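The chain contents come next:
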Number of protein chains: 2
Amino acid sequence: MAVKLMETLVAFCKRRGFVFQGSDIYGGLKGTYDFGPLGVELKKNLRQAWWTTMVYERDDVEGIECTHISNKLIWKYSGHEDSFSDPLVECKDCHTRMREDKMVDKTKCDKCGSTNLTEPRPFHLMMKIDMGPVANDEDYAYLRAETAQGTYINFRNVMDSTSRKIPFGIAQHGQSFRNEITPRNFLFRTREFEQAEMQFFVEPGTDKEWFETWKNIRTDWWIKQGLSEKNLRFEPHSPDDLVFYAKPPTGDIEYKFPHGWDELEGIHNRTDYDLGTHTKNQKEFDIQATVKENTHSNTKLNYLDPQTGQNYIPFVIEVAAGLNRGIIAVLNEAYAEEDLGDGKSRIVLKLKKHLAPIKVAVVPLAKNNPELVALAKDVKNRLQKLGLGRILFENTGNVGKAYRRHDEVGTPLCLTIDFESLEEKPASLTVRDRDTMKQERIEIDQIETYVLNYFKGE
Amino acid sequence: MAVKLMETLVAFCKRRGFVFQGSDIYGGLKGTYDFGPLGVELKKNLRQAWWTTMVYERDDVEGIECTHISNKLIWKYSGHEDSFSDPLVECKDCHTRMREDKMVDKTKCDKCGSTNLTEPRPFHLMMKIDMGPVANDEDYAYLRAETAQGTYINFRNVMDSTSRKIPFGIAQHGQSFRNEITPRNFLFRTREFEQAEMQFFVEPGTDKEWFETWKNIRTDWWIKQGLSEKNLRFEPHSPDDLVFYAKPPTGDIEYKFPHGWDELEGIHNRTDYDLGTHTKNQKEFDIQATVKENTHSNTKLNYLDPQTGQNYIPFVIEVAAGLNRGIIAVLNEAYAEEDLGDGKSRIVLKLKKHLAPIKVAVVPLAKNNPELVALAKDVKNRLQKLGLGRILFENTGNVGKAYRRHDEVGTPLCLTIDFESLEEKPASLTVRDRDTMKQERIEIDQIETYVLNYFKGE
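None of the values given here were measured: they were computed from a predicted structure. Per chain, residue numbering runs from 1 following the sequence as it is written. Key to labels: chains lettered from A, ligands numbered from 1, both in the order written. With the structure being a predicted model, the display of local features is reserved for residues of pLDDT at least 70 and the display and counting of side-chain atom pairs for 80 or more, all residues being used for whole-chain, interface and lining totals. Side-chain measures were taken over the full set of non-hydrogen atoms in the model, leaving aside hydrogen atoms and water.

1. Observations concerning the overall build of chain A
Convention followed: Every helix listed is a DSSP run of H or I at least four residues long, and every strand listed is a run of E at least two residues long, numbered separately from the N terminus. The contact definition used throughout considers only heavy atoms, calling two residues in contact when any of these lie within 4.5 Å. Here the Shrake-Rupley method, with its probe set to 1.4 Å, supplies the accessible areas, and only the displayed protein chains count as covering residues. His residues and chain termini do not enter the charge count, which takes Lys and Arg as positive and Asp and Glu as negative. Where a charge sits is defined by one atom per residue type, namely NZ (Lys), CZ (Arg), CG (Asp) or CD (Glu).
From N to C terminus, chain A includes 13 helices and 24 strands. Seen through its C-alpha atoms, chain A measures out along the principal axes to roughly 80 × 70 × 50 Å. For chain A, the share of sequence-separated contacts (at least 6 apart) that also reach a separation of at least 24 residues comes to 63%. Accessible area for chain A stands at about 18,600 Å²; split by element, carbon and sulfur atoms hold 47% of it. One finds the centroid of the 63 positive side-chain charges in chain A at a distance of 3 Å from the centroid of its 71 negative side-chain charges.

2. A few points about the domain arrangement of chain A
Short version of the rule: Here the bounds of each domain stem from an automatic or database domain assignment.
Splitting chain A by domain gives domain 1 (6-84 + 125-330), domain 2 (85-124) and domain 3 (356-456). Once you take the C-alpha centre of each, domain 2 of chain A and domain 3 of chain A turn out to be 58 Å apart.

3. Points about the side chain of Q282 of chain A
Residue and element names in this part refer to chain A. Put simply, the rule is: Under the rule applied, a polar contact is a pair of N or O atoms within 3.5 Å (in protein, one hydrogen donor and one hydrogen acceptor; residues adjacent in sequence only if both atoms are side-chain atoms).
With respect to the helices and strands, the residue Q282 is situated in the loop between α8 (273-278) and β15 (303-304). At a separation of 2.8 Å, a polar atom in the side chain of Q282 contacts the main-chain amide nitrogen of N294. Those residues in contact with Q282 that sit more than four places away from it in its chain are G276, T277, I287, V291, K292, E293 and N294.

4. Comments concerning helix α1 (residues 6-15) of chain B
Residue pairs spaced three or four apart in an α-helix point in one direction, given the helix's 3.6 residues per turn. Residues and elements named next belong to chain B. Put simply, the rule is: Exposure categories follow from relative accessible area, calculated using a 1.4 Å probe and restricted to protein chains: below 20% of the type maximum is buried, above 50% is exposed, and the middle band is partly exposed. In this context, the arc is that of the directions from the helix axis out to the C-beta atoms.
All of the buried residues along α1 are M6, L9, F12 and C13. Looking straight down α1, one finds its buried side chains confined to an arc of 130°; they lie on one side. Of the surrounding secondary structure, the elements contacted by the buried residues of α1 are β1 (19-21), α9 (323-334), β18 (335-341), β19 (344-349) and α11 (399-409). One or two positions beyond α1, positive phi appears at G17, with a value near 80°.

5. Some details on the packing of helix α2 (residues 37-56) of chain A against helix α9 (residues 323-334) of chain A
All names here are of chain A. What counts here: Where helices are involved, their axes are fitted lines through C-alpha atoms of the stretch in contact, as for all axes, and angles between N-to-C directions lie from 0 to 180°. For classification purposes, an angle smaller than 35 degrees is called roughly parallel, one larger than 145 roughly antiparallel, one from 65 to 115 roughly perpendicular, and anything else oblique.
At a closest axis distance of 10 Å, the pairing of α2 and α9 adopts a crossing angle of 110°. Between α2 and α9, the angle falls in the class roughly perpendicular. Every residue of α9 that contacts α2 at L42, K43, L46 and R47 is listed here: L323, N324, G326, I327, V330 and L331.

6. Details of the interface of chain B and chain A
Convention followed: The term buried area denotes the loss of accessible surface (1.4 Å probe radius) that occurs when two parts are joined, taken as the sum for both partners. Definition used for salt bridges: Asp or Glu carboxyl oxygen within 4 Å of a side-chain nitrogen of Lys or Arg.
Counting from both sides, the interface comprises 91 residues of chain B and, opposite them, 91 residues of chain A. For the pair chain B and chain A, the two sides together bury roughly 7,200 Å², of which 53% comes from carbon and sulfur. It is I25, Y26 and E65 of chain B in chain B that bury the most area against chain A; as a group they hold 12% of the surface buried on that side. Along the contact surface separating chain B from chain A lie 10 salt bridges. Here K377 of chain A makes a salt bridge to D59 of chain B, at a shortest N to O gap of 3.8 Å. The interface formed by chain B and chain A contains 44 residue pairs in polar contact (both at pLDDT 80 or more). Among the elements that line the side of chain B that touches chain A, the one with the most residues is helix α2 (residues 37-56) of chain B, at 10 residues.

7. Topic: the pattern of salt bridges
All names here are of chain A. Counted under the stated rule, the structure contains 72 salt bridges over all chains. For the salt bridge of R47 with E194, the shortest nitrogen-to-oxygen distance reads 2.7 Å. Separated by 147 residues along the polypeptide, R47 in helix α2 and E194 in strand β11 (residues 192-202) bring together distant segments of the chain. R47 sits in the buried class, given a relative accessible area of 11%. On the accessibility criterion, E194 (3% relative accessible area) is buried. With its nearest N and O atoms 3.9 Å apart, the salt bridge here joins E263 to R325. Of this pair, E263 sits in strand β14 (residues 260-269) while R325 sits in helix α9; the two residues are 62 residues apart in sequence, bridging distant segments of the chain. R325 sits in the buried class, given a relative accessible area of 15%. Among the charged side chains, a salt-bridge network with shared partners connects E338, R346, K350, D407 and R432.

8. So, the pairing of strand β20 (residues 358-364) of chain A
Residues and elements named next belong to chain A. So the rule is basically this: Here the rule is simple: two strands pair whenever DSSP picks up at least two bridges between them. A clockwise course of the path from the first strand over the helix to the second, judged with the strands pointing away from the viewer, identifies a crossover as right-handed.
Counting buried residues in β20 gives seven out of seven residues, a clear majority hidden from the surface. Taken together, the four bridges between β20 and strand β21 (residues 390-393) define a ladder with parallel strand orientation. Directly across from A361, in β21, lies its bridge partner L392. Each parallel crossover has a hand, and the one from β20 via helix α10 (residues 370-384) to β21 is right-handed. Relative to strand β22 (residues 413-417), β20 runs parallel, the two being bridged by five bridges. Along β22, the bridge assignment pairs P364 with I417.

9. Remarks on the relation of the copies chain B and chain A
Defined as follows: Least-squares superposition of the copies uses the C-alpha atoms of those residues scoring a pLDDT of at least 70 in each of them.
In the superposition of chain B on chain A (RMSD 0.0 Å, axial shift 0.0 Å), the rotation amounts to 180°. The two molecules are tied by a two-fold rotation axis, judged by turn and shift. Among all residues of chain B, the one whose C-alpha sits closest to the rotation axis is I129 of chain B, at a distance of 3.0 Å. Same-surface contact between copies: 100% of interface residues of chain B are shared with the interface of chain A.

10. A few points about unusual backbone geometry
In this structure, the amide linkage connecting I166 of chain A to the following residue, P167 of chain A, adopts the cis form with an omega of 0°. Relative to the helices and strands, P167 of chain A resides in the loop between α6 (155-162) and β10 (168-177). Residue P249 of chain B is bonded to the preceding P248 of chain B through a cis peptide linkage, with omega at 0°. Following the sequence through the fold, P249 of chain B ends up in the loop between β12 (232-236) and β13 (251-257). At S163 of chain A, a position not held by glycine, the phi torsion is positive, near 55°. S163 of chain A gets classed as exposed once you look at its relative accessible area, which sits at 54%.

11. Side note on the sheet that holds strand β6 (residues 97-99) of chain A
Residues and elements named next belong to chain A. With antiparallel pairing, three strands are arranged side by side in an open sheet as β6-β5-β7. Each having just a single partner strand, β6 and β7 (121-124) make up the two edges of the open sheet. If you compare each strand with its neighbour and ignore which way they point, the axes differ by 55° on average. Pairing between strand β5 (residues 85-90) and β6: three bridges, direction antiparallel. If you follow V89 over to β6, its bridge partner there is M98.

Laid out in structure tokens, this is it:
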């Protein structure tokens, strides 16, 4: 599958209701995007595929869902408050701020060309919110910059309420927020974005092995979502990029996006930094990472092994995927313009079945014909009960057009109800397959079994 | 079902991993809560039940998912920027701010008793975020105070990409944020909360009928989630509380919460206010509501009826549920302490099956016995594939304790694998029902069919 131009994907996403610019009618808000009727289903499906693999199909991972607004102490001890910033230069004439490391020419303004610039100073990437009833500068909180911190601070809550033993993990998906100066590449770098992160807590010394295990599980998962193996690679962070507490071979699963190779999911050995930095009574433990002295935490985030009696701060292997980036990757692989011969062509979105926004479209051959419509609605309602996802009743009366539209949005099956369906005994309908474009006649009594079996396959 | 004390529910939620205080290890952040391993499943199930009813099972509603951060112009024209505030009084001595209408004694500070108070002034409920690269006071955005506005501004995007005709609706769930001065009553009034809102766009003149239709659909839905009819009522807003653009009988579905009757879901006739206020070229349309003159919108949010040629701004019937409030209501109904006779009792969470966080627990009779564990894991994996939700493999070796714990968290079925399961031909296991506490022996080959049929019923 060739790499698509980002512009093609962006235009397609808007036209077909996958993704719209955020705050669209007011000229947009840079770096924000809304998911339309098909995008929301695609995203729900990708999210649920992640949850199923990471929580349901394992016996050692719990789920959690934390708030977006959180106490500033979390971000003090996580290290974000001190260091999560970019060096910005401000033009004193036009007031544009630029990342110093991204400036075209470090001696003049990218926008107006003025040389009247400030010294570089840190611009904070966390979004701050004033809140609460007391009027002072201290009463603020942060929008979370990652979901992981909510997981760490709930380590003991989860362990106590589920009686989990090490090794075990905690999975969480949800929005995170970063004040990106230069949002770019469509859904790739935005000011709010959905993460799907799992923190796996292990005994020190077993971390390297678990790192490899999770790297492989996560790579396989992306392939199952339709990404080509040749478009995926693992890139260890270079010594310069490695966060001070991380342990090699910490790095990223990269995907070959339309704009080039870039991060899709981080696979990180975070050592005992996170639980160590947030724990009470740090001196009781032999914390290997360099952590800030914690004078605020009210809870010990340690683990007492009931068999060996060892008492330690667990290491964390983190797998941190970008769901919005996943959406671009999945669409990039699935979108195809197919030559059908004789000068004909079609656009087809070859999504994996489990990701398709609409699973089945039920189309009466003629519009508004009461008997056809009644039968089509009945078939739709029966299929909807199977719990496969969205089944669409489509009363447009133009079957050819419906096939083309559903090819384009990736609907695996179209069912057409025609006048023969009303007369035949046993009654039947036409099933049309997105990928093969083949049509076959199926008895209506068998349609649930047919559809269920179809979606059971890969 | 008697009304439970809120304290009982709060303690239960923490102990069993449903809900934890947000930012817990740092003493919390008032008005924020995290959902633990069981709470996240309950919430996912309630959310999905809403989506299924509101999108999948209808032929006239589309889904959408908008950003949390949005352009300030949205909130200017929605009216929130001007009027979404509470009158606050500040104590000049201790700097406590109080809502004037909630003060115990309007002449002195609730906290320190000082009479040195400011005049009341509006305290804004929207949360403001500074953002963007240009350094000035203009460059801010708001965290959304409701999901509805994202829906309104995407009205034309959705209509254009789906070819919808009036009447149709757009559904959306997600977090909203309000700077509540006095968060209270557990999940009831918090600073961030999940809404599940659907905006239904109708022709003026048909709005009263649609209002009644949706009021009934929504009340029935709550009953299907396990709420008693006697604990539900519809309360129209009094003329004093009615927003200026709303049309009676706008009001709320109220539930009898542990703290008393209070709003669970709003059912609102919002007239043509929303699309009218956000539309470009307002003068082209006969807008009935009083709207601010819009000099920024780049899009007309009108509807041209293809059959009658009528060109109008649609009315909106909004159904706006609080999912977190729904969680309290559902738990309040389900939580029971049952007298079993002979001085015995149990706590049981009689959740509707589709809401249960864990659908089935598979328990080997003895802990760590390789053959029992292997068979139990096999049964777990087979049941997990049915797509019913979370199936738990529980290797604790204490069946009696497992039954009690799963009663308490609402697991409908426990399956026990014992030594007979290994020897018998055909092999069988014990199924134990949460509500009846009855046990029966089922052949393992039949277990998928048994479980599927069980969950098909109400």
